[in-house]
Amino acid sequence: MYAFQPSVRSWSACIQLMPHGTSGSRILQRSLVDVPQSLKVLQRWASNAPAKRPITKLMVANRGEIAIRVFPEPLRTKILKGKPTVKGRPGASMKPIDFDQLRKDLEEKHGSRVRECDVLSASMYPKVLDEFLDFHGLFGPVECFDTRTFFVGPKIAENLVVEIEKGKTLHIKPLAVTDINSKGEREVFFELNGQLRSVMVKDKTAQKDMKVHPKAQRGQKGSIGAPMPGTIIDVKVKLGDRVEKGAPIVVMSAMKMETVVTAPVSGRIKFIAVSVGLKLEGDDLLVEIE
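Residues numbered from 1 in each chain as written. Predicted model: local features only at pLDDT ≥ 70, side-chain atom pairs only at ≥ 80, totals over all residues. Heavy atoms only, no water.

A. Quick look at the overall build of the chain. Along the backbone of the chain there are 10 helices and 12 strands. Burial statistics for the chain: of 290 residues in total, 31% are counted as buried. Of the contacts made within the chain by residues no fewer than 6 positions apart, 43% connect residues no fewer than 24 positions apart. Element-wise, carbon and sulfur atoms account for 55% of the exposed surface of the chain, whose accessible area totals about 19,200 Å². (Helix = DSSP H or I, 4+ residues; strand = E, 2+ residues; numbered from the N terminus. Buried < 20%, exposed > 50% of the residue type's maximum accessible area, 1.4 Å probe, protein only. Contact = heavy atoms within 4.5 Å. Areas by Shrake-Rupley, 256 points an atom, 1.4 Å probe, with all protein chains shown as cover.)

B. Layout of the sheet that holds strand β6 (residues 230-235). With antiparallel pairing, 4 strands are arranged side by side in an open sheet as β9-β8-β6-β11. The sheet is open, and its two edges are formed by β9 (257-262) and β11 (279-280), each paired on a single side. Strand direction decides the pairing type here: strand β8 (residues 248-254) and β9, joined by 6 bridges, are antiparallel. In the strand pairing of β9, P248 is matched with T262. (Pairing = 2+ DSSP bridges.)

C. View of the sheet that holds strand β10 (residues 267-272). Strand order in the open sheet made by the 4 strands is β5-β12-β10-β7, with antiparallel pairing throughout. Where the open sheet ends on each side, the last strands, each with one partner, are β5 (223-225) and β7 (242-243). With 3 bridges joining them, β10 and strand β12 (residues 285-289) adopt antiparallel strand pairing. Along β12, the bridge assignment pairs I269 with I289.

D. How the structure looks around the environment of R148. Turning to its location among the elements, R148 is positioned in helix α9 (residues 147-151). Among all residues touching R148, those that are not within four sequence positions of it are G153, K155 and E158.

E. Examining the pattern of salt bridges more closely. According to the stated counting rule, one finds 9 salt bridges in the structure shown. Where R115 meets D118, a salt bridge forms, and the shortest distance between an N and an O atom there is 3.0 Å. On the basis of relative accessibility, which here comes to 45%, the residue R115 falls in the partly exposed class. Residue class for D118 comes out buried when judged on its relative accessible area of 2%. We note a salt bridge from R148 to E158, for which the minimum N-O separation is 2.5 Å. Here R148 is found in helix α9, whereas its partner E158 is found in the loop between α9 and β1 (160-165), with 10 residues between them in sequence. A relative accessible area of 36% places R148 in the partly exposed class. When salt bridges that share partners are traced, they join R103, E107 and E116 into one network. (Salt bridge = Lys/Arg side-chain N within 4 Å of Asp/Glu carboxyl O.)

F. Expanded view of the pairing of β8. When you tally the buried positions in β8, you get 5 out of 7 residues, the bulk of the element. Where β6 meets β8, 4 bridges bridge the pair, whose relative direction is antiparallel. Across the sheet, residue T231 finds its bridge partner in β8, namely S253.

G. Here's a closer look at the pairing of β6. Alignment of β6 against β11, held across 2 bridges, turns out to be antiparallel. In the sheet register, G230 faces β11, and the bridge partner there is L280.

H. Representation of the side chain of E288 in the model. Position of E288 relative to the elements: it lies in strand β12. Buried and without a salt bridge, E288 has K270 as its closest oppositely charged side chain, separated by 4.5 Å. With residues up to four places along the chain from it excluded, the contact list for E288 reads Q217, G222, S223, R268, I269, K270 and F271. (Lys, Arg positive; Asp, Glu negative; His and termini not counted.)

I. Spatial organisation of a nonpolar patch on the surface. A surface patch of nonpolar side chains, about 740 Å² in accessible area, is lined by F135, L138, F139, F145, F150, F151 and V152. Those elements that provide at least two residues to the nonpolar patch are α8 (126-139) and α9. Looking at the nonpolar patch, the element that brings in the most residues is α8, giving 3 residues. Secondary-structure assignment places V152 in the loop between α9 and β1. (Patch = residues over 30% accessible without salt bridge, like charges linked within 9 Å, V, L, I, M, F, W, Y side chains within 5 Å.)

J. Structural view of the environment of M255. Here M255 is to be found in the loop between β8 and β9. The exposure class assigned to M255 is exposed, which follows from its relative accessible area of 77%. Sequence spacing of M255 and P229 is 26 residues, and the spatial spacing of their C-alpha atoms is 9.0 Å.

Written as structure tokens, this is what we have:
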């Protein structure tokens, strides 16, 4: 009656690619017990399978044709619904990568600390690598902390011994944390190698309920931040304007002096985050250019 005889291996592979408890998964599980009685129901489910399900993506063969050989027809055809499929090895159709140029781009964006493994990571997971290097550039070698200190944080009066490199050890002792201020920050007092220090730390949990001005994104030339604390006295551009590199964008007043902020790149004004009279802190976002 049907053009194929599905195997136990075929159904098992299908089940592994479906969310546990879905109707399709339950149908396939029943198929392992009684295949003939479940074929009509299974094909009906395949005809309505969502396009973004993992099983649909696999049927396109974006993981290679070998991965789909265990699936019988017409199950695959019904799930694809005419979508184009990848022929041969998926990687063969990818554009070649210029690793030397990729490394230059990364060094321009994140500095000269880029390693070979970072270049390889950027070729596969560019967004993840950017977030990692931005985090590392902002907070330094946090891998020197133990797991609990990194995820939970140290306790008050707890003595931390951190070896940042061979022969260089830091002794850190948290002393006190102040209440949150109007900027959503807390001042943290601590001893560093016996010397009293303090640092302002943003309380991200508290800032969710506060109106905090966004910061310019590090490493993105089109994301322009305030060069210093001050007040906006003039905005020279409008949304959608095209600007050339070096064109005036915003005029700020700081310490009774006017500062003209210019465009670091040419492009179109994508977003304006300020207005005349607004008071800003350093690195607060002014405009975005794309």
